[in-house]
Structure formats: structure tokens, C-alpha cells
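Given next are the chains, with one letter for each unit.
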Amino acid sequence: MYMNSPYWEERRRKQSLKRSKKEFDQLSDAITQAYRSFNNTADPAQMDACIYEINALRVKRDSVLQEIRKLE
């Protein structure tokens, strides 16, 4: 009964928002690191792996951003 009150719903929303923002920041840092790896390699196979990783991280980050926008 009390856990469904507006107070608790707002608290859960804020906690979810905080977690999502933290995840967004972590993904942004991972993308930066993947770009660094890409820029520091000459091996074509490693470049392909970096490109794949960057694209995957960007899709995940975009998904988290949509979640953040819904919660705000």
C-alpha cells in the first residue's frame, strides 16, 4: 500500500534516472576509450574490432539516453 504512494514512485523514478545517467557516463567513457584504441592501432583486424565496439556502445548509449528522456 505505502510502496505505491506518489512519494515512493517519485523516489524510484529518481533512482532509475540516477542509475541511467551513471550508465550513460560510463558508456561515453567506454566510447572515448574505444576511439583511442582505434586511433592507436595499425592492424586492420583490430580496427574492425574497434569499429564494431564503437557502434555497439553508441547504440547502447542511445538506448540509455531515450530511457533518461522518458524519466525526466
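Residues numbered from 1 in each chain as written. Predicted model: local features only at pLDDT ≥ 70, side-chain atom pairs only at ≥ 80, totals over all residues. Heavy atoms only, no water.

Caption draft 1: Quick look at the packing of aromatic side chains. The full count for this structure, using the stated rule, is 1 aromatic pair. The interplanar angle of 80 degrees and the centroid separation of 5.0 Å between the aromatic rings of Y7 and W8 together place this pair among those described as edge-to-face. Relative accessible area serves as the criterion here: at 29%, W8 is assigned to the partly exposed category. (Phe/Tyr/Trp six-rings, centres within 6.5 Å; stacked < 30°, edge-to-face > 60°. Buried < 20%, exposed > 50% of the residue type's maximum accessible area, 1.4 Å probe, protein only.)

Caption draft 2: Main features of the nonpolar core. Listed in full, the 9 residues of the largest apolar core are L17, L27, I31, A34, I54, L57, V64, I68 and L71. Secondary-structure elements contributing two or more residues to this core are α1 (6–39) and α2 (44–71). No other element matches the 5 residues that α2 contributes to this core. Residues in contact with I31, not counting those within four places in the same chain, are L57, R58 and R61. (Core = buried A, V, L, I, M, F, W, Y, C linked by side-chain atoms within 4.5 Å. Helix = DSSP H or I, 4+ residues; strand = E, 2+ residues; numbered from the N terminus. Contact = heavy atoms within 4.5 Å.)

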